[in-house]
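A look at the structure
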Amino acid sequence: MDYLLALPVFAFLLMLQTAVISRLQLLHGAADIILLVVAAWALQERVRSGWIWAVVAGVLVTAVTALPLFIPLAGYLLVTVLARILQRRVWKVPILTMFIVAFFGTMGYQFLSLVALKATGVPLGWLESVTNVIMPSALLNLLFALPVYALVSDLAHSVHASEVDE
Amino acid sequence: MQKFLPRNLQTIAVALLVAGIIFLGFSGYLNTVTSSALSPVVGIQSWISSRYLAVVEFITVPRDVASLRARNAELESQVFNLQARVVDLEQQLREAQVLYALLDFARSRPENQYVAAAVIGRDPSPFLHYIFIDHGSDDGLRHGMPVVTEQGLVGRVDAVTARAARVQLITDPATVVNVRLQSQDVDVMLTGSITGDVNLEMIPQDMEMKPGELILTSGLGGSYPQDVVVGQVVSVRKRENDLFQSASVQPVVDFRNLRAVLVITNFRPVDIGPLMPAQNP
């Protein structure tokens, strides 16, 4: 049943991201709370709807962004894959896993965006993109990773506690 | 009779004495005596009065403190409400100032039709310089329409829904705007970048360009109307062995604090795509 939550949660997060978070920039990078929520949700032990959440997030972001079609979807699925793989290997320290997924997931998603934009003819420099956008974005996502993980864990516990009660 | 006279004499004497004293009193001869006799009485009276008031105050003060505290809380609440109202009014004033500036700009160019829109967000991807505005196709907005502020060129409408639109800024790395220098009749190309800096490219080597020169849209290509202010030249990069020189440009619009924009709705961009020569495989 928790997949029903995905649409309202990501609709709210998308509004928050475009209206507030995207304006808070470090150099020219910005945090991506949608990516962080996708990662944190996929890392929850009892959650089985991580893939659905990634798809919903990807489709919603694709609907508003000017990035090439379905790059957000591919990026968030990549983050979910990374989270699922790491969850099985570093399962005793979920916070550490969250930090790893936040950092490498951001790098992966941003590199995917960069490659896609360059492929469509946008003149972006590799070094300039890494130093001005990718690394600052990864750093900001690391800063937001802990509070987002705490909130998503609470949400997952409350959702699954109610499912157990039923 | 003998007993009667002395008694009458005593009474008469007392009456005369009293009458004399009253007479002296009215005529002011007793002022010194009365004032010196009353001053200790006044002192005592003042002392008693002040002690009485102190006792009354001591008894009634706790009740006053309670009422004062209540009154203070009420006033603090009023102050808080008024402060919130002041912040709200300041916000409205700033918005009104922005709208008045846009209105002045629109009045100064009566040949154009404008739709004013508020900026409601930015693209989630940090690689891209796009904004979202709160007006869409229901308000007559179409793809490619130029977007300006009272300061100058902002960009153009890139995608439209019924109630919102996405605007590509001139600072976006994929943006190319055909511009000209105000002082010289030479067309050059303005490009955005990932850092939001704007540059002039393809400037002929023989062209003399100085920092501070104003840059306007040329209208070439049909994507933007003519003579909209874009920015000022900040620095020129000229190398002898390069084919062209380039220059950094300071845009006139502050893109970080963009609150409201005007969309020029009666400008129809020309799509020159079909006229471009097809690339040979």
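Residues numbered from 1 in each chain as written. Chains lettered and ligands numbered in written order. Predicted model: local features only at pLDDT ≥ 70, side-chain atom pairs only at ≥ 80, totals over all residues.

Worth spelling out the cut-off: UniProt positions are given in the numbering used here, feature names are shortened, and annotations may be inferred rather than shown by experiment.
Regarding chain A, the UniProt comment filed under Subcellular location (unreviewed entry) reads as follows: "Cell membrane". Quoted straight from UniProt, the Sequence similarities (unreviewed entry) entry for chain A says "Belongs to the MreD family."

1. A short note on the overall build of chain A
Where we set the bar: Strands here mean DSSP runs of E at least two residues long; helices mean DSSP runs of H or I at least four residues long; both are numbered from the N terminus. For the radius of gyration, the atoms used are the C-alpha atoms, and the globule rule reads 2.2 Å times the number of residues raised to 0.38. Residue pairs are scored as contacts if the distance between their C-beta atoms, which are placed from the backbone, is within 7 Å.
The secondary structure content of chain A amounts to six helices and two strands. The order of helices and strands in chain A, counted from the N terminus, is α-β-β-α-α-α-α-α. At 16 Å, chain A has a C-alpha radius of gyration in line with the 15 Å of a compact globule built from 166 residues. Counting only C-alpha atoms, chain A reaches 55 × 30 × 25 Å along its principal axes. Residue pairs at least 24 apart in sequence account for 71% of intrachain contacts in chain A once pairs closer than 6 positions are excluded.

2. Description of the UniProt feature "transmembrane region" (unreviewed entry) in chain A
Residues and elements named next belong to chain A. Here, the residues flagged by UniProt with the feature "transmembrane region" (unreviewed entry) are residues 51–79, 91–112 and 132–152. The distance separating the terminal C-alpha atoms of residues 51–79 is 10 Å; by composition the span is 79% helix and 0% strand. Secondary structure over residues 132–152 splits into 100% helix and 0% strand, and the C-alpha atoms at its two ends are 29 Å apart.

3. Notes on the confidence of the model for chain B
Selection criterion: Known as pLDDT, the predictor's per-residue confidence is scaled from 0 to 100.
Taken residue by residue, chain B gives an average pLDDT of 85. The fraction at 70 or more is 94%. Scored as a whole, the predicted complex attains pTM 0.75, and scored at its interfaces, ipTM 0.90.

4. What to know about the packing of helix H2 (residues 33–42) of chain A against helix H3 (residues 50–64) of chain A
Helices that pack against each other are described as a pair by the angle of their axes relative to one another and the distance between those axes. Residue and element names in this part refer to chain A. Note the following rule: Under this scheme, a helix contributes an axis fitted over its contacting stretch, all axes are lines through C-alpha atoms, and angles between N-to-C directions fall in the 0 to 180 degree range. Angle categories are assigned with fixed cut-offs, so that under 35 degrees is roughly parallel, over 145 is roughly antiparallel, 65 to 115 is roughly perpendicular, and the rest are oblique.
Look at H2 against H3: their axes get within 9 Å of each other, and the N-to-C directions meet at 170°. For the element pair H2 / H3, the angle class is roughly antiparallel. Here Ile34, Val38, Trp41 and Ala42 of H2 come into contact with H3, specifically with Gly50, Trp53, Ala54, Ala57 and Val61.

5. Points about the domain arrangement of chain B
All names here are of chain B. Basically, it comes down to this: Boundaries between domains were set according to an automatic or database domain assignment.
Domain parsing of chain B yields domain 1 (1–108) and domain 2 (114–269). A straight line from the C-alpha centre of domain 1 to that of domain 2 covers 73 Å. At the interface, seven residues of domain 1 touch seven residues of domain 2.

6. Quick notes on the sheet that holds strand S7 (residues 187–191) of chain B
All names here are of chain B. Worth spelling out the cut-off: Two strands pair if DSSP finds at least two bridges between them.
If you trace the six strands once around the closed barrel, you get S6-S7-S8-S11-S10-S9, paired in antiparallel fashion. The mean angle between the axes of side-by-side strands here comes to 40°, regardless of whether they run parallel or antiparallel. Taken together, the five bridges between strand S6 (residues 176–181) and S7 define a ladder with antiparallel strand orientation. Along S7, the bridge assignment pairs Val176 with Thr191.

7. So, the pairing of strand S4 (residues 153–160) of chain B
Put simply, side chains in a regular strand alternate between the two faces of the sheet. Residue and element names in this part refer to chain B. We apply this condition: Here a residue counts as buried when 20 or more other C-beta atoms fall within 10 Å of its C-beta, as exposed when 12 or fewer do, and as partly exposed in between; the C-beta atoms come from the backbone.
Along S4, seven of the eight residues are buried, which leaves the element largely enclosed by surrounding structure. Where strand S3 (residues 146–148) lies against S4, three bridges are found, and the strand directions are antiparallel. Note that in S4 the partner of Val147 across the bridge is Gly155. In this antiparallel pair of consecutive strands, S3 and S4, the connection spans four residues. As paired elements, S4 and strand S5 (residues 165–169) share five bridges and run antiparallel to each other.

8. Observations regarding the pairing of S7 of chain B
All names here are of chain B. The turn joining S6 and S7, which pair antiparallel and follow one another in sequence, is formed by five residues. Taken together, the three bridges between S7 and strand S8 (residues 198–204) define a ladder with antiparallel strand orientation. Among the inter-strand pairings, Leu190 is bridged to a residue of S8, identified as Leu200. Here S7 folds back onto S8, and the loop between the two strands holds six residues, one of which, Gly196, carries a positive phi near 90°.

9. A closer look at the packing of H2 of chain A against helix H5 (residues 94–119) of chain A
All names here are of chain A. Using the following cut-off: Each crossing is labelled by how the near helix is turned from the far one, with a counterclockwise turn of less than a right angle marking it left-handed and a clockwise turn marking it right-handed.
Where H2 contacts H5, the two axes come as close as 10 Å, and the packing angle between them is 130°. Considering the angle they form, H2 stands oblique to H5. Read as a crossing pair, H2 and H5 show a hand that is right-handed. Two secondary-structure elements touch here, H2 through Leu35, Leu36, Ala39 and Ala40 and H5 through Met98, Val101, Ala102, Gly105, Thr106 and Tyr109.

10. Side note on the environment of Ala159 of chain B
Its place among the elements puts Ala159 of chain B in strand S4. Contact partners of Ala159 of chain B, with chain neighbours within four places excluded, come to His143, Ala165 and Arg166 of chain B.

11. Re the sheet that holds S5 of chain B
If you walk around this closed barrel you meet the six strands as S1-S2-S5-S4-S3-S12 (chain B), and the pairing is antiparallel. Averaged over all pairs of adjacent strands, the angle between their axes in this sheet comes to 45°, without regard to strand direction.

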